[in-house]
Amino acid sequence: MTSERILAGTHFLNGDEACAEGAMAAGCGLFAGYPITPQSEIAERISARLPQVGGVFIQMEDEISSMAAVLGGAWGGLKTMTATSGPGFSLMMENLGLGMMTETPCVVVDVQRGGPSTGLPTLIGQADMMQARWGSHGDYGVIALSPSSPQETFELTIRAFNLAEQYRLPVLLMTDEVVGHMFERVVIDPDRIQIVERRKPIAPPGEFLLYRPGADLVPQGMPTFGDGHRVHVTGLTHDERGYPVIDAQTQSELIPRLKEKVTRNAEAILDVEEIDVESADVVLIAYGISARTSLGAMQAARDRGWKVGMLRLITVWPFPERIVRQLADRVAGFVVPEINLGQIVLEVERAACGKTQVRSVPHAGGAIHDPETILQAIEEVLRDGS
Amino acid sequence: MVRSPRSKQLPAPEIVGHRPHPMQKYLRTDRLPHIWCSGCGLGTTLSCFTYALDQLGLDAEDVGVVSGIGCTGRTAGYLNLDSYHTTHGRAIAFATGLAVAQPTKKVVVFSGDGDLFAIGGNHFIHAARRNIDMTVICVNNFNYGMTGGQYGPTTPIGARGTTAPYGNYENPFNLPYLAASCGAVYVARWTSLDTRRLKEAMVEAISKPGFTFVEIVSPCPTNYGRRNRLGEGIDELRHYAQRSVIRHGADPAEADLIPGGDIVVGRFVDRRRPTFLEAYESQVLKRSLPERS
């Protein structure tokens, strides 16, 4: 391993290791985490790498404190990350909400495994997708990315750090056990890496209002502990100074903004891959490892002469509602394979507004789909649609 | 054993006219008046803290305060410092991130007994074990004040709370003993009446590298005092002061707070061991780089 921040070159890495390298390249200065399968390789890799560049790795006593520590580190001026899996993700929910309420940039990685509870510690699941959207109490906007390969895990980890800075919130990287553990070629080209640095406050101490939003609804810069701004940061409902104000008026000014800073900027945040969608009668909508599995089903369908394309969700939240709505006007149906009992398919149904068929291909977890089950769903859609 | 001079009958408190607080530079005056009940020890405690900062010659930029949730949790909001009001029990964990990010600054966690030792107990013991460079100030009022006087992890046996209508029957923590056994490098306890010694303890704790702990025995007349027939705030304070016995260097194992017994106060622990970042620097950072021959 190098002692440089960016591990330039061509490497053979698993998704978890690629995630750690993405964090390194993005400028992560603090990683706080707690061991859990199947994310441990992220922590192991970064515990070796961060000290090489003067960063801090700290293994906390649980995931509650891990989430709290990355928020504290962020206000201390560092780019920070934690990584976990299902049970730990559940424990992080309260402080994830603190991060949303206090608009604290950081990255939270969930390498999904089978749940609920201890479930399938070593085997895949994708059943935390709605938890990612709604897991902490109260209303707030969410950005969640879902990589389908180690290479993409590297790239999306960097993007997660960038989005966190740009929109001032914890950004979720919703990967999964198979992507986390699969080894593939990862090419790291420093010239292709773009980094978004933390925005400095637009006004000097005394004049700067901690939570006055700009036109993009995002606070206009973030002070660092000790830089003279003397911030007050609270999880209570607060005004633009950051002071607690416990009334419906202040709530109505703050909370919609926390949601809309994501939804109103959705077009800039959204990232999807469209594969032969233009000519398709049936469109597969998938993310993470299920998008890889769907490729096999798509190929088998084409071999039969069926016109099938895929909309691969790289950002799952915000959901690409407009794209799905437009497709719903002309396709025979959507097929949504995911390793849960039907979560993102609910969003697809909502966006499709009943204009076309929407078929879930659920999987309880522990394995990836047999492409044959996806193929069958495609066949059913074509049959029912004709 | 030396009886505290405060054990004598106290004069009635003098009400002073409206003047700026001498330590106004450390206070968010635009947030005053505070929410605390009259007779509560938190105002005194906060005041002691500002005097300690002043004595240390610290600028507002040198210190950050992190609080959890509860009456004491509101302390952060009244200090004109970088101040962080976090989630219930998680102040120390948040402060851990803040402290390692800005190692030249002072990080102080100001919170209550329920926040720090019930819901947040795990973070306390681990931050002490790691010797994270922070000062934890616990205002111990023996109950959950903000939520209406429920019993907590420091409520003495037999004392009443709104969820202990027949008296508390759970053994309480001895906080100095807990802190000392987990590795805190400085441990002290004072009552909130002992403002001069309390301020000195804060000065010592804040200036010492590593995990330092100050417990403040403090009245909660609205909830704890009322239900336990301790009178007004001043009466409850007098009750604690009269029972307090100064024993510097006492074995913290013998500092249990037993109803009717002595309240042992003083500096129990003052020692040095490498802080988390000192150990990280010597054990990790240096070893992580390839050998250069």
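All figures in this text were calculated on a predicted structure; none of them were measured in a lab. (Residues numbered from 1 in each chain as written. Chains lettered and ligands numbered in written order. Predicted model: local features only at pLDDT ≥ 70, side-chain atom pairs only at ≥ 80, totals over all residues.)

*Asks:* Lay out the pairing of strand β2 (residues 63-67) of chain B with the relevant residues and their values.
*Replies:* Residue and element names in this part refer to chain B. Within β2, five of the five residues are buried, which leaves it mostly tucked inside the rest of the structure. In this structure, β2 lies alongside strand β4 (residues 106-112), joined through four bridges in parallel fashion. Bridge pairing in β4 places Val 66 opposite Val 109. Pairing between β2 and strand β3 (residues 82-85): four bridges, direction parallel. Counterpart to Gly 64 in the pairing with β3 is Asp 82. (Buried ≥ 20, exposed ≤ 12 C-beta atoms within 10 Å, placed from the backbone. Helix = DSSP H or I, 4+ residues; strand = E, 2+ residues; numbered from the N terminus. Pairing = 2+ DSSP bridges.)

*Asks:* If you had to explain helix α10 (residues 289-303) of chain A to someone new, which residues and values would you point to?
*Replies:* Residue and element names in this part refer to chain A. Given a rise of 1.5 Å per residue, 15 residues ought to cover 21 Å, and the 22 Å separating the end C-alpha atoms of α10 matches this to within 8%. Among the residues of α10, those classed as buried are Ile 289, Ser 290, Ala 291, Thr 293, Ser 294, Ala 297, Met 298 and Ala 301. Backbone geometry just downstream of α10 places Gly 305 in the positive-phi region, at approximately 90°. (Expected span 1.5 Å × (residues − 1).)

*Asks:* For the domain arrangement of chain A, give the residues involved together with the corresponding values.
*Replies:* All names here are of chain A. According to the domain assignment, chain A contains domain 1 (9-192) and domain 2 (273-385). The centre of domain 1, based on its C-alpha atoms, is set 27 Å off from the matching centre of domain 2. Contacts between the two partners involve 23 residues from domain 1 and, on the opposite side, 21 residues from domain 2. Of all the elements in the fold, those that place two or more residues in the side of domain 1 that touches domain 2 are β6 (120-124), α5 (129-134), β7 (144-145), β8 (170-176) and α7 (177-181). The element best represented in the side of domain 1 that touches domain 2 is α5, accounting for four residues. Counted by class, the side of domain 1 that touches domain 2 contains 15 nonpolar, six polar and two charged residues. (Domains from an automatic or database assignment. Contact = placed C-beta atoms within 7 Å. Nonpolar A, V, L, I, M, F, W, Y, C, P; charged D, E, K, R; others polar.)

*Asks:* Go over the environment of Leu116(B), please, and point to the residues and values.
*Replies:* Residues and elements named next belong to chain B. Of note, Leu 116 is situated in helix α4 (residues 113-119). Once the C-alpha coordinates of Leu 116 and Asn 140 are considered, the two residues, 24 residues apart in sequence, prove to be 9.8 Å apart. Beyond its immediate stretch of four places on either side in the chain, Leu 116 contacts Gly 68, Ser 111, Phe 124, Val 136 and Cys 138.

*Asks:* So what about the packing of helix α1 (residues 42-56) of chain B against helix α7 (residues 195-207) of chain B? Which residues, and what values?
*Replies:* Residues and elements named next belong to chain B. Relative to each other, α1 and α7 sit at 55°, their axes nearing to 8 Å. Considering their axes alone, α1 and α7 lie oblique with respect to each other. Note that α1 runs across α7; the crossing there is right-handed. Residue-level inspection shows Thr 44, Cys 48, Phe 49, Tyr 51, Ala 52, Gln 55 and Leu 56 of α1 in contact with α7, the latter providing Thr 195, Leu 198, Lys 199, Met 202, Val 203, Ile 206 and Ser 207. For the contact of α1 with α7, a count of residues per class yields nine nonpolar, four polar and one charged. (Axes fitted to C-alpha atoms, helices over the stretch in contact; angles between N-to-C directions. Parallel < 35°, antiparallel > 145°, perpendicular 65-115°, else oblique. Left-handed = near helix turned anticlockwise from the far one by under 90°.)

*Asks:* Can you lay out the environment of Met174(A) for me, pointing to particular residues and giving the numbers?
*Replies:* Residues and elements named next belong to chain A. Its place among the elements puts Met 174 in strand β8. On a C-alpha basis, the gap between Met 174 and Leu 145 in space is 5.8 Å, while along the polypeptide they are 29 residues apart. Once residues within four sequence positions are removed from consideration, Met 174 is found in contact with Asp 110, Gln 112, Asp 128, Met 129, Ala 132, Ala 144, Leu 145, Ser 146 and Val 316.

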